[in-house]
Amino acid sequence: MSAKENSIVTDLALAPEGHLKIGWVAAHMPVLNRIREQFEKEQPFKGLKVAISLHLEAKTAYLAKVVQAGGAEVTITGSNPLSTQDDVCAALVEDGITVFAKYNPEPKEYKDLMVKTLETKPDLIIDDGGDLVSILHAERPDLMTQVRGGAEETTTGILRLKSMEKEGTIKFPMVAVNDAFCKYLFDNRYGTGQSVWDGINRTTNLVAAGKTVVVVGYGWCGKGVAMRAKGLGANVVVTEIDAIRAVEAYMDGFTVLPMIEAAKVGDIFVTVTGNRDVIRGEHYEVMKNGAILSNAGHFDIEVNKPELLALSSGKRVVRRNIEEYQLKDGRSIYLLAEGRLVNLAAGDGHPAEIMDMTFALQAMSLKYVNDNYKTIGAKVVNVPYELDEQVAHYKLSSLGIGIDRLTEEQKAYLDSWTEH
């Protein structure tokens, strides 16, 4: 069947707006455009099926088109029910890519759409949060007979994959794209930092200056969120479980507190840990009236919603993507985007120029794993430094920036331990 006959999307009539969105980001993704030119010539995925699960908006759509340009038959689904953009889905279908995705489907349908993506029996996978890989291993091993390997986008996904590797259950190689320098230094820090505040500001229409912002977790994403909050004029508090990161946050100029203390002073909370229940019942009990909760981790479990509901007499939607929980003691606590990724569920995700580098890594890592899956074996591997560096060179070239290179004498000096 054709992509149009096989796909499950909300409305194909939305395609024109989707094409405009994809066209806009493509014009601002020079690194991925350069890789697309290479793929069109080399056809590295000719005759192969590729399944993709990522936040299905315009930048992801363009990655799918780049993989398709390399000869692949591409099927794509969303990695978050609230980040899927229906017009982008429709545009991809018109471009010959099979899409199983809708905005805000019921939980069962959301899972079914992922399974349908895997029922194409892909050769290669691009995953976000380890969802496709988890379904294959835990529920549908019959669908991974052809899988050569894949690439994982997120910290959460890599943690899941490494757990599988430790248990000896992983059946094919996965490249840890999130651990590449050009991913976490730029995407996690500058991308998350900007897009989280895009989502919060667009959704609440409130000022950040003067407010106390609590950033829960000081990994690369947390660093970016805190940095941008400071730039907006907020007072920033960081909570951590890692002593080294806590010292780093302190030396970066932020107040460091245990969560139970931070809960008392925060006006806006952003969770970026990848773990569950980092904001929970004991914290809600001491929060200010009007506190705003948001999440920028992968799943909607960082903010414990059942415990918040249990403390409430009711809840209501007060604005698109804002739920007011009316606590039994009269206070109100506001939750953004149902506790899902605020930068995608309530915004457009990372800037195109940032995702240009990340998705270039995805495309190159997919080619790498396809070329080397027989020798890599069933395990989690890092992006080769050469690919990481190549993406950086492409980025610099697109900016018109040149850098120095070592002379032969300098190389010899660095390689020697006897002549100094």
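It should be emphasised that the depicted structure is a prediction, and the values quoted were computed from it without experimental measurement.

**Focus: the overall build of the protein**
Here is step 1 of the chain: Across its full length, the protein carries 18 helices and 15 strands.
Here is step 2 of the chain: Against the globule reference of 22 Å for 420 residues, the protein gives a C-alpha radius of gyration of 22 Å, in line with a compact fold.
Here is step 3 of the chain: Counting only C-alpha atoms and orienting by the principal axes, one finds that the protein spans roughly 70 × 65 × 45 Å.
Here is step 4 of the chain: Carbon and sulfur atoms make up 51% of the accessible area of the protein, which amounts to about 18,500 Å² in all.
Here is step 5 of the chain: With 46 positive and 57 negative side-chain charges, the protein shows a separation of 2 Å between the mean positions of the two kinds.

**As for the sheet that holds strand S13 (residues 322–327)**
Here is step 1 of the chain: Read from one edge to the other, the open sheet built from 8 strands follows the order S9-S8-S7-S10-S11-S14-S13-S12, with strand pairing classed as mixed. Two strands bound the open sheet, and with one partner strand each, they are strand S9 (255–256) and strand S12 (312–319).
Here is step 2 of the chain: Helix H9 (residues 181–204) rests against strand S7 (212–216), strand S10 (268–271), strand S11 (291–295), S12, S13 and strand S14 (332–336) of the sheet, and its axis sits at about 140 degrees to S10.
Here is step 3 of the chain: Docked against the sheet, helix H10 (residues 220–231) engages S7, strand S8 (235–239) and S10, running at close to 170 degrees with respect to S7.

**Points about the pattern of salt bridges**
Where side chains of opposite charge bring their charged atoms close, a pairing between them can arise.
Here is step 1 of the chain: According to the stated counting rule, one finds 25 salt bridges in the structure shown.
Here is step 2 of the chain: One salt bridge connects Lys108 with Asp112, and the closest N-O pair in it is separated by 2.9 Å. Of this pair, Lys108 and Asp112 both sit in helix H6 (residues 107–118), 4 residues apart, roughly one helical turn.
Here is step 3 of the chain: A residue is classified by how much of its surface remains accessible, and Lys108, at 61% relative accessible area, is exposed.
Here is step 4 of the chain: One connected set of salt bridges, linked through shared partners, spans Glu119, Arg140 and Asp142.

**Notes on the sheet that holds strand S3 (residues 98–100)**
Here is step 1 of the chain: Reading across from one edge, S3-S2-S1-S4-S5-S6-S15 is the order of the 7 strands in this open sheet, with parallel pairing throughout. Of all strands in the sheet, those bounded by a partner on one side alone are S3 and strand S15 (380–382). Recorded for the sheet is a direction-independent mean angle of 20 degrees between the axes of neighbouring strands.
Here is step 2 of the chain: As judged from the 4 bridges shared by strand S4 (residues 124–127) and strand S5 (residues 149–152), these two strands associate in the parallel manner. The partner of Leu124 across the bridge, within S5, is Gly149.
Here is step 3 of the chain: Across the sheet, helix H7 (residues 131–138) touches strand S1 (49–54), S4 and strand S6 (174–176), and the angle it forms with S4 is around 125 degrees.

**Quick word on the packing of helix H2 (residues 15–26) against helix H4 (residues 58–69)**
Helices that pack against each other are described as a pair by the angle of their axes relative to one another and the distance between those axes.
Here is step 1 of the chain: Axis separation between H2 and H4 bottoms out at 8 Å; the angle between their running directions is 80 degrees. Here H2 lies roughly perpendicular to H4, going by the angle between them. Contacts from Lys21, Ile22, Val25 and Ala26 in H2 reach Ala58, Lys59, Ala61, Tyr62 and Lys65 in H4.

**Notes on unusual backbone geometry**
Here is step 1 of the chain: Positive phi, close to 50 degrees, is recorded for Gln43, a residue that is not glycine.
Here is step 2 of the chain: Structurally, Gln43 can be placed in the loop between helix H3 (30–42) and S1.
Here is step 3 of the chain: Notably, Asn205 is not glycine yet its phi reads approximately 60 degrees, a positive angle.
Here is step 4 of the chain: Positionally, Asn205 belongs in the loop between H9 and S7.
Here is step 5 of the chain: In this structure Asn205 comes out as exposed when scored by relative accessible area, which is 60%.

**Focus: H10**
Here is step 1 of the chain: Under the 1.5 Å per step criterion, the end-to-end length of H10 is 17 Å for 12 residues, consistent within 8% with the ideal 16 Å.
Here is step 2 of the chain: Buried within H10 we find Cys221, Gly222, Lys223, Gly224, Val225, Ala226 and Ala229.
Here is step 3 of the chain: If you follow the buried residues of H10, they end up packed against H9, S7, S8, helix H11 (243–251) and S10.

**Re the side chain of Thr120**
Here is step 1 of the chain: Relative to the assigned elements, Thr120 resides in the loop between H6 and S4.
Here is step 2 of the chain: A distance of 2.7 Å separates a polar side-chain atom of Thr120 from the backbone oxygen of Thr117.
Here is step 3 of the chain: Excluding residues that lie within four positions of it along the chain, Thr120 makes contacts with Lys49 and Thr75.

**Quick word on the nonpolar core**
Here is step 1 of the chain: Counting 56 residues, the largest nonpolar core has Ile35 and Val99 as the members making the most contacts within it.
Here is step 2 of the chain: Examining the composition of this core, we find that 11 residues originate from one element, helix H16 (residues 352–376), more than from any other.
Here is step 3 of the chain: In this structure, Ile35 is in contact with Val66, Ala360, Ala363, Met364 and Tyr394, ignoring residues within four places of it in sequence.
Here is step 4 of the chain: Within the second largest apolar cluster, 28 residues are counted, among which are Trp197, Ala229, Ala234 and Phe254.

**Here we look at the packing of aromatic side chains**
Here is step 1 of the chain: Under the defined criterion, the tally for this structure stands at 5 aromatic pairs.
Here is step 2 of the chain: Each ring, one from Phe181 and one from Tyr385, has its centre 6.1 Å from the other, and the planes form 85 degrees; the classification is edge-to-face. With Phe181 in helix H9 and Tyr385 in helix H17 (residues 385–398), this pair connects stretches of sequence that are 204 residues apart.
Here is step 3 of the chain: Taken together, Phe181, Tyr184, Trp220 and Tyr385 form an aromatic cluster joined through their ring pairs.

**Observations regarding the side chain of Gln362**
Here is step 1 of the chain: Relative to the assigned elements, Gln362 resides in helix H16.
Here is step 2 of the chain: Discounting chain neighbours no more than four positions away, the residues touching Gln362 are Leu63, Ile126, Ala151, Glu152, Glu153 and Val177.

**A closer look at the state of the cysteines**
Here is step 1 of the chain: Overall, the coordinates contain 0 disulfides when judged by the stated rule.
Here is step 2 of the chain: We note that Cys182 lacks a disulfide partner, and the nearest cysteine sulfur, in Cys221, lies 16 Å from it.
Here is step 3 of the chain: Note on Cys182: relative accessible area 4%, which makes it buried.

**Brief notes about the UniProt feature "domain: S-adenosyl-L-homocysteine hydrolase NAD binding" (unreviewed entry) in the protein**
Here is step 1 of the chain: The positions that UniProt labels "domain: S-adenosyl-L-homocysteine hydrolase NAD binding" (unreviewed entry) are, in the present scheme, residues 188–349.
Here is step 2 of the chain: Secondary structure content for residues 188–349 is 36% helix and 25% strand, while the C-alpha to C-alpha distance between its ends is 11 Å.

Rules of the game
- Residues numbered from 1 in each chain as written.
- Predicted model: local features only at pLDDT ≥ 70, side-chain atom pairs only at ≥ 80, totals over all residues.
- Heavy atoms only, no water.
- Helix = DSSP H or I, 4+ residues; strand = E, 2+ residues; numbered from the N terminus.
- Rg over C-alpha atoms; globule rule 2.2 N^0.38 Å.
- Areas by Shrake-Rupley, 256 points an atom, 1.4 Å probe, with all protein chains shown as cover.
- Lys, Arg positive; Asp, Glu negative; His and termini not counted.
- Charge placed at Lys NZ, Arg CZ, Asp CG, Glu CD.
- Pairing = 2+ DSSP bridges.
- Contact = heavy atoms within 4.5 Å.
- Axes fitted to C-alpha atoms, helices over the stretch in contact; angles between N-to-C directions.
- Salt bridge = Lys/Arg side-chain N within 4 Å of Asp/Glu carboxyl O.
- Buried < 20%, exposed > 50% of the residue type's maximum accessible area, 1.4 Å probe, protein only.
- Parallel < 35°, antiparallel > 145°, perpendicular 65-115°, else oblique.
- Expected span 1.5 Å × (residues − 1).
- Polar contact = N/O pair within 3.5 Å; in protein donor to acceptor, adjacent residues only side chain to side chain.
- Core = buried A, V, L, I, M, F, W, Y, C linked by side-chain atoms within 4.5 Å.
- Phe/Tyr/Trp six-rings, centres within 6.5 Å; stacked < 30°, edge-to-face > 60°.
- Disulfide = S-S within 2.5 Å.
- UniProt positions renumbered as here; feature names shortened; annotations may be inferred.

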